[in-house]
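# Topology and contacts: notes
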Amino acid sequence: MFIATLIAADRLDAGQISDALDRLNAAGCVILGSGWIDEGRAADLMFGQSPDRARSALEAVFDRVDVVVQPMMTRPKSLLIADMDSTMITVECIDELADYAGIKPQIAAVTEAAMRGEIDFGAALDARVALLAGLDEAVIEQCLAERVQIMPGAIALVRTMRARRAKAILVSGGFTRFAEPIGLTIGFDQVVANRLGVANGKLDGRVDWPIVDSTTKEATLLAAIATENLPPEATMAVGDGANDLAMIRRAGLGYAYHAKPVVAAAAAVRIDHNDLTALLYAQGIPAREWVVD
């Protein structure tokens, strides 16, 4: 049995659910039932076959509604692997550091190209970090305090999953000086990220190798599956850039979160309208059961 979850950024009504059921029926999906997760916000539609046709029938049909299609039996997840920049936080940290150095447009253009998959991530990271050489180390803490904001829904997502005995890993192509405090604030079990070089209180323009890249993210997912003795279907990954594609493809359910086109096209699920609590609704968890503190 399969389930399609409709998640509204604004409001979901009975008419939209009826329309969705008609579309599934027309696609030959064999309707089995429907029900609210949270009335007006998220609903489940159960059906018997053809999940690919169900996805095609429902995605991008309803205004500001995200759709998650998956097998019912593997809906609850026991492992979350998440990107950090523009996924668990609202900014790209290296771009914000560059702003303090007065070179944000120059570095942000490279970041955007790397996230779209147009240039090699490792080479792009080296080039951007080199441009930050000489920046005072104290700017990192200033940037954390002034620029970095937790993505809406991130705390509820991670803390709710951990309360249900899931493991949560933050794996970032960014830097430990950001990822470690952010991971602690949100509630991750483990943090994997790059280390910025510092000498005499200033950034030295280098990042330690090997870097955390797409291969590292995929390897982190596979290692956690082995360590936790999990079936791959019990895992989920979420990210927004090309560097996240490998882990998104290998997870039981991969989410493109407000993502670049190359990621949105490849992921099993696109979250374009909602915040990260959509990943809780996708597991059938109503708002009254979310852990937010």
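Quick note: structure is the one above.
A short tour of the structure in this document, coming up. (Residues numbered from 1 in each chain as written. Predicted model: local features only at pLDDT ≥ 70, side-chain atom pairs only at ≥ 80, totals over all residues. Heavy atoms only, no water.)

Strand order in the open sheet made by the six strands is 7-6-5-10-11-12, with parallel pairing throughout. Each edge of the open sheet carries a strand with a single partner, namely strand 7 (190-194) and strand 12 (269-271). In this sheet, neighbouring strand axes are inclined to one another by 20° on average, regardless of whether the strands run parallel or antiparallel. Where strand 5 (residues 79-82) and strand 6 (residues 167-175) come together, four bridges link them in parallel fashion. Counted as the bridge partner of Ala 82 is Leu 170 from strand 6. (Pairing = 2+ DSSP bridges. Helix = DSSP H or I, 4+ residues; strand = E, 2+ residues; numbered from the N terminus. Axes fitted to C-alpha atoms, helices over the stretch in contact; angles between N-to-C directions.)

So, about the side chain of Asp 240. Tracing the backbone through its elements, the reader meets Asp 240 in the loop between strand 10 (235-239) and helix 10 (245-250). Here Asp 240 is in contact with Asp 83, Asp 85, Ser 86, Thr 87, Glu 92, Tyr 257, His 258, Ala 259, Lys 260 and Val 263, once residues within four sequence places are set aside. (Contact = heavy atoms within 4.5 Å.)

Here the focus is the nonpolar core. In terms of nonpolar packing, the biggest core is built from 64 residues, with Met 88, Phe 178 and Tyr 255 touching the most fellow members. Take this core: its biggest share by element is five residues, from helix 7 (residues 154-163). Ignoring anything within four residues of it in the chain, the contact list for Tyr 255 reads Val 68, Met 236, Ala 237, Val 238, Gly 239, Ile 248, Ala 267, Val 269, Ile 271, Leu 279 and Ala 282. Listed in part, the 20 residues of the second largest apolar core include Ala 20, Leu 24, Cys 29 and Ala 43. (Core = buried A, V, L, I, M, F, W, Y, C linked by side-chain atoms within 4.5 Å. Buried < 20%, exposed > 50% of the residue type's maximum accessible area, 1.4 Å probe, protein only.)

Now for the packing of helix 3 (residues 93-100) against helix 4 (residues 104-115). Taken N-terminus to C-terminus, the directions of helix 3 and helix 4 make an angle of 165°; their axes are 8 Å apart at the nearest point. By the angle class used here, helix 3 and helix 4 are roughly antiparallel. By crossing handedness, the relation of helix 3 to helix 4 is classed as right-handed. For the pair formed by helix 3 and helix 4, the contact residues are Ile 94, Asp 95, Glu 96, Ala 98 and Asp 99 on the first element and Lys 104, Ile 107, Ala 108 and Thr 111 on the second. Tallied by class, residues from the contact of helix 3 with helix 4 come to four nonpolar, one polar and four charged. (Parallel < 35°, antiparallel > 145°, perpendicular 65-115°, else oblique. Left-handed = near helix turned anticlockwise from the far one by under 90°. Nonpolar A, V, L, I, M, F, W, Y, C, P; charged D, E, K, R; others polar.)

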